[in-house]
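# Examining the three-dimensional arrangement
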Amino acid sequence: MLKDLFKTKPKYITVKSERDFQPRDEAVEKKEIPDGLWVKCNRCSQITYNKDLERNLKVCPKCGYHFRISSKERLELLADEGSFQEIDKNLKTVNILDFPNYDSRIKKAQKNTDLAEAVLTGEARMNGIPLVLAVMDFGFMGASMGSVVGEKITRAAEYAIQKKLPFIAVTASGGARMQEGIMSLMQMAKTSQVLNRLAEAGCVYISVLTDPTTGGVFASFAALGDIIIAEPNALIGFAGARVIQQTIRQTLPPGFQTAEFLLEHGFVDMIVPRKDLKSTLTQLIKFHLNGGGVDVQ
Amino acid sequence: MSNNQGPILEFEKPVVDLEKQIEELKKFSQEKGIDMHEQITALEQKAENLRMEIYTNLTVMQRIQIVRHPKRPTCLDYIGMIFDNFIELHGDRLYRDDPAMIGGIAYLNGIPVTVVGQQKGRDTKENIYRNFGMPHPEGYRKALRLMKQADKFGRPVICLVDVVGAYPGVEAEERGQGEAIARGIMEMANLRVPVIVAVTGEGGSGGALATGIGNRVLIMENAYYSVISPEGCAAILWRDGSKVQEAAEALKIGAKDLLEMGIVDEIVPEPIGGAHKNPALASKNLKEALVSNLTPLLNLSPSQLLEERYQRFRNYGQFIEN
C-alpha cells in the first residue's frame with residue numbers, strides 16, 4: 001500500500017502539459033520556471049503551487065510578478081483558439097560564418113523548445129479581428145535575432161501590408177545573434193525599414209515588449225511601435241546592465257531598465273498586466289480598423 | 001618621422017627598430033665620413049621587405065589596433081581635408097548638443113552636402129569632452145535632424161562612421177538610446193537624397209548602424225564593422241577575455257570579409273601602416289571614393305534612391321527555405 005502511494009503520487013503531481021518549461025540555454029535557465037511542484041517567485045520569494053501559477057497566466061498570485069512565457073503560451077493567450085495560421089515556417093538557419101558551435105546550439109535550442117527558430121509569425125484572430133502576429137521565444141537562444149528571425153519579422157510586416165491587417169509583435173530578446181556577425185546587425189535595418197512601408201499602407205503596428213527585450217531588437221522594430229505596450233516588470237533596454245555597471249562603476253538606480261522605468265521616461269505608452277493584454281490590444285486595434293480615421297472632405 | 005605619429009604598436013616594433021638602426025648608421029657614416037652606402041641600402045631593402053611582410057599580413061586584431069591608434073584621423077580631421085567651407089551645426093532641438101556626434105553642411109568637390117559623424121577626441125581632454133566618440137541619444141537625434149534637413153533641401157548625406165559602440169551609461173538609457181538608434185535607422189531608410197556611408201575606423205554595432213543606412217557603404221582598409229566588439233563577443237560567448245583573437249576572426253569583421261558578404265561596396269586604401277602614417281593621403285583616397293560613389297547617384301530620382309537603398313537592406317540575411 002505504501003508502495004502504491006509512492007507510485008500514484010508522482011503521477012498525480014507531474015501533469016505534463018505543453019505548457020511545461022524545460023531546461024533551455026544555460027543563460028536562460030535560472031529565470032525560467034523549473035519542472036516541479038512549487039515555484040519560488042523571483043521577486044517576492046513566495047512559493048506558489050505550479051498549477052496555480054499556470055492558471056494565473058504565470059503571474060505570481062502574491063505579488064503580480066510576471067514570469068516569462070513561451071511563444072506557444074503567448075499565442076494561446078492572445079489568439080482566438082485555433083485561429084493562428086503560421087507563415088514562413090520553412091525558413092531554416094544556416095551557419096553563415098562557420099561560427100564555432102553555432103550549429104550545435106541551434107540543434108539544442110530546437111530540441112529543447114520544439115521550435116524551428118526564435119519567432120513564430122502568422123495570421124490570427126483576436127476576439128474575431130484578423131491580424132498578423134509575431135511572437136518571439138526567449139527560450140530559443142535568448143530569442144537573439146539572426147537572419148531567420150529578421151526575415152520572418154520582415155515578411156510578417158509585408159504580409160500585413162499585403163492583406164491590410166494590423167501587425168502586433170510580441171518581443172523578447174537578448175539582442176542580435178552574435179554567431180551571424182554583421183548579418184545579424186543588418187536585421188535591425190531590415191526590420192526597421194519595413195515599418196515605413198507598413199505606415200504608408202496605413203496599417204497599425206503595436207509592439208508588446210516582454211521580459212526581456214534588449215539590445216538590437218529593442219533598438220529596432222521593438223522601439224518603433226505606433227503604440228508600445230510593456231508587460232509589468234519586464235527588463236527593457238539597450239545596453240546590458242552589467243556592462244553599464246562595469247563601465248560607470250556605480251550602482252544603478254532602482255528599477256533601472258524595467259517597464260516601469262521606461263514608462264516614467266516616456267518610452268512606452270502603457271504597462272498592461274498579462275490578464276488584460278488581449279482585451280487591451282483588441283480595443284486598440286478596433287480604433288484602427290478600416291483606416292481608423294474620420295473622412296474629412 | 002614617428003615623433004608626431006604617436007605610440008608605436010607592438011607588431012610594428014621590428015620595422016621601427018630597423019628604421020632607427022638605419023638612421024643611426026646614416027648619422028654615423030656622415031659624422032665619420034665613412035661610405036656605408038651599401039650597408040644602408042641593404043638595410044633599407046630589408047626594412048622595406050619587413051614592412052611589406054608585416055603590413056600585408058595584418059591580423060584583424062592588429063588592424064583594430066591601427067584604427068584605435070590615438071593619432072588616427074578623426075571625423076573633423078577628414079572633414080577638414082576632404083570638404084570645403086564646412087559649417088558645423090549643433091543640437092538635437094530636444095535636449096542638448098552632443099559633442100560625440102558632429103555634423104554640418106559643406107561642399108564635396110563643389111557639391112553641397114550634409115556631413116555627420118561620430119567624433120573621437122584627439123587627446124585625453126578632448127576624449128573626455130567627446131565621450132570617446134560614443135554618442136548619447138541626443139547625438140543620434142542631432143544626426144537625424146541634420147539628415148532630414150538635408151532631405152528637405154535635396155542635399156546628399158555623407159556619414160563618416162567611427163564609433164566603438166553605443167554608450168553603456170545610465171543617462172543614455174534614460175533618454176532612450178534604443179529608440180534613438182531605431183528611429184535613426186528607420187528614418188534614414190526614408191531619405192530621398194543620396195546617402196553615402198564610410199566606415200573610417202570602428203563600425204561598432206548599433207552605434208554605427210544608426211548612421212549606417214546608405215545607398216553606398218564604403219570602408220577604409222583597416223576599419224572594421226561588427227555586431228559586437230571582439231572583446232564583448234569573447235566575454236559573452238566564451239566567458240574568456242583571452243579569446244579576443246578567436247572572436248575577431250570568427251566574426252569576420254574585416255574589410256575584405258565585409259566586401260565578400262556585400263555589406264560594403266568598396267574598400268578605400270590606406271597608406272601603408274594605416275591612415276595615421278599619412279592622413280593627407282588617406283583623405284585623398286577617401287575623397288576620391290566618396291566622389292566616385294556619389295556622382296552616379298546624383299542622376300537617380302528620389303524614388304529610385306529610396307528603392308535601391310531599401311532593396312540593399314531588404315536582401316541582407318542568409319537562410320534556407322524549402
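Residues numbered from 1 in each chain as written. Chains lettered and ligands numbered in written order. Predicted model: local features only at pLDDT ≥ 70, side-chain atom pairs only at ≥ 80, totals over all residues. Heavy atoms only, no water.

### As for the overall build of chain A
On a plain count of helices and strands, chain A comes out with 11 helices and 11 strands. Of all 297 residues assigned to chain A, the portion counted as buried reaches 57%. Nonlocal contacts in chain A, meaning residues at least 24 apart in sequence, comprise 69% of its contacts between residues at least 6 apart. For chain A, the accessible area works out to roughly 13,500 Å², and carbon and sulfur atoms hold 52% of it. (Helix = DSSP H or I, 4+ residues; strand = E, 2+ residues; numbered from the N terminus. Buried < 20%, exposed > 50% of the residue type's maximum accessible area, 1.4 Å probe, protein only. Contact = heavy atoms within 4.5 Å. Areas by Shrake-Rupley, 256 points an atom, 1.4 Å probe, with all protein chains shown as cover.)

### Quick notes on the overall build of chain B
Secondary structure assignment for chain B yields 14 helices and 9 strands. Its C-alpha radius of gyration of 21 Å places chain B within 12% of the 20 Å reference for a compact globule of 322 residues. Expressed as lengths along the three principal axes of its C-alpha atoms, the size of chain B is roughly 70 × 50 × 45 Å. In chain B, which comprises 322 residues, the share counted as buried stands at 57%. Put simply, 72% of the contacts in chain B that link residues at least 6 apart link residues at least 24 apart. With an accessible surface of roughly 13,800 Å², chain B has 53% of that area assigned to carbon and sulfur atoms. When the 37 positive and 43 negative side-chain charges of chain B are each reduced to one mean point, those points stand 5 Å apart. (Rg over C-alpha atoms; globule rule 2.2 N^0.38 Å. Lys, Arg positive; Asp, Glu negative; His and termini not counted. Charge placed at Lys NZ, Arg CZ, Asp CG, Glu CD.)

### Focus: the pattern of salt bridges
Residues and elements named next belong to chain A. Tallying each qualifying case throughout the model produces 43 salt bridges over all chains. Glutamate 117 is the salt-bridge partner of arginine 177, the closest N and O atoms lying 2.6 Å from each other. Note that arginine 177 is positioned in the loop between β7 (167–173) and α7 (181–200) and glutamate 117 in the loop between α5 (102–113) and β5 (119–126), a separation of 60 residues in sequence. Since its relative accessible area comes to 0%, arginine 177 is described here as buried. (Salt bridge = Lys/Arg side-chain N within 4 Å of Asp/Glu carboxyl O.)

### Remarks on the interface of chain B and chain A
When the parts of a complex come together, some accessible area is lost, and that lost area is often used as the size of the interface. Each partner contributes residues to the interface: chain B has 51 residues there, and chain A has 56 residues. Summing the contributions of chain B and of chain A, the shared interface buries around 4,800 Å²; its carbon and sulfur component is 68%. At the surface where chain B touches chain A, the tally comes to 4 salt bridges. Of the charged contacts, one joins glutamate 307 of chain B and arginine 197 of chain A as a salt bridge, the two residues approaching to 2.8 Å between their closest N and O atoms. (Buried area = accessible area lost by both parts, 1.4 Å probe.)

### A short note on unusual backbone geometry
Working note: non-glycine residues mostly have negative phi, and peptide bonds are mostly trans. All names here are of chain A. The residue after aspartate 211, namely proline 212, is reached through a cis peptide bond having omega -15°. Phi at aspartate 114 takes a positive value of approximately 60°, unusual for a residue other than glycine. Assignment of secondary structure puts aspartate 114 in the loop between α5 and β5.

### Topic: the packing of α7 of chain A against helix α8 (residues 177–188) of chain B
One can describe the packing of α7 of chain A onto α8 of chain B by two numbers: an axis separation of 8 Å at closest approach and a directional angle of 65°. Relative to α8 of chain B, the element α7 of chain A is oriented roughly perpendicular. At the point where α7 of chain A passes α8 of chain B, the crossing takes the right-handed sense. Seen from α7 of chain A, the contacting residues are Met188, Ala189, Ser192, Leu195 and Asn196 of chain A; seen from α8 of chain B, they are Ile181, Ala182, Ile185 and Met186 of chain B. (Axes fitted to C-alpha atoms, helices over the stretch in contact; angles between N-to-C directions. Parallel < 35°, antiparallel > 145°, perpendicular 65-115°, else oblique. Left-handed = near helix turned anticlockwise from the far one by under 90°.)

### What to know about the pairing of strand β5 (residues 195–204) of chain B
All names here are of chain B. Burial of β5 is extensive: 10 of the 10 residues sit out of reach of the surface. In this sheet, β5 lies alongside strand β4 (residues 157–163) in parallel orientation, the contact comprising 6 bridges. Following the sheet pairing, valine 157 is matched in β5 by valine 195. Sheet topology note: the β5/strand β6 (residues 216–220) ladder contains 4 bridges and is parallel. Looking across to β6, one finds that valine 199 is bridged to isoleucine 219. (Pairing = 2+ DSSP bridges.)

### Thoughts on helix α4 (residues 71–78) of chain A
Residues and elements named next belong to chain A. Counting buried residues along α4, 6 of its 8 residues qualify, which places the element largely inside the surrounding structure. Regarding α4, the residues found buried are Ser71, Glu73, Arg74, Leu75, Leu77 and Leu78. Those residues of α4 hidden inside the fold are in contact with β5, β6 (129–136), β7, β8 (205–214) and α11 (274–287).

### Brief notes about the packing of aromatic side chains
Any pair of aromatic rings gets described here by the distance separating the centres and the angle formed by the planes. Counting across every chain of the model gives 7 aromatic pairs over all chains. Judged by centre distance (5.2 Å) and plane angle (50°), the rings of tryptophan 38 of chain A and tyrosine 49 of chain A are tilted. Taken as a pair, tryptophan 38 of chain A in strand β1 (residues 38–40) and tyrosine 49 of chain A in strand β2 (residues 47–49) lie far apart in primary sequence, 11 residues in all. With a centroid separation of 5.5 Å and 80° between ring planes, the pair formed by phenylalanine 313 of chain B and tyrosine 316 of chain B is classed as edge-to-face. Pair check on accessibility: phenylalanine 313 of chain B and tyrosine 316 of chain B agree, each one buried. Lying over the aromatic face of tyrosine 310 of chain B, arginine 197 of chain A brings its terminal NZ or CZ to 3.6 Å of the ring centre. The aromatic ring of phenylalanine 313 of chain B is capped on one face by arginine 312 of chain B, whose charged end is 5.9 Å from the ring centroid. (Phe/Tyr/Trp six-rings, centres within 6.5 Å; stacked < 30°, edge-to-face > 60°. Lys NZ or Arg CZ within 6 Å of the ring centre and 35° of its normal.)

### Thoughts on the confidence of the model for chain B
Here chain B averages 95 in pLDDT, while 99% of its residues score no lower than 70. With pTM at 0.91, the complex prediction returns an ipTM value of 0.95. (pLDDT = per-residue confidence, 0-100.)

### As for the domain arrangement of chain B
Residue and element names in this part refer to chain B. According to the domain assignment, chain B consists of domain 1 (9–57) and domain 2 (64–314). The interface is formed by 6 residues belonging to domain 1 together with 6 residues belonging to domain 2. When the two sides are added together, the surface that domain 1 and domain 2 hide from each other amounts to roughly 560 Å², 73% of it contributed by carbon and sulfur. A per-residue breakdown of the area domain 1 buries against domain 2 is headed by Leu9, Phe11 and Tyr55, which together make up 67% of the total. Taken together, the connections running from domain 1 to domain 2 amount to 1 salt bridge. The residue lysine 277 makes a salt bridge to glutamate 12 at a minimum N-O spacing of 3.2 Å. The tally of links from domain 1 across to domain 2 stands at 1 residue pair in polar contact (both at pLDDT 80 or more). Taken together, the residues of the side of domain 1 that touches domain 2 break down into 4 nonpolar, no polar and 2 charged. (Domains from an automatic or database assignment. Polar contact = N/O pair within 3.5 Å; in protein donor to acceptor, adjacent residues only side chain to side chain. Nonpolar A, V, L, I, M, F, W, Y, C, P; charged D, E, K, R; others polar.)

### Remarks on the pairing of β6 of chain B
Along any regular strand the residues' side chains alternate between the sheet's two faces. All names here are of chain B. Judged by how many residues are buried, β6 sits mostly within the fold: 4 of 5 residues are covered. Note: β6 against strand β8 (residues 266–268), 3 bridges, orientation parallel. In the strand pairing of β8, leucine 218 is matched with glutamate 266.

### Here we look at the confidence of the model for chain A
The predicted coordinates should not be examined in detail at positions where pLDDT is low. Scored by pLDDT, chain A comes out at a mean of 89, with 86% of its residues at no less than 70. Taken as a whole, residues 8–30 of chain A scores under 50 in pLDDT and shows 39 contacts with residues more than four places along the chain or in a different chain.

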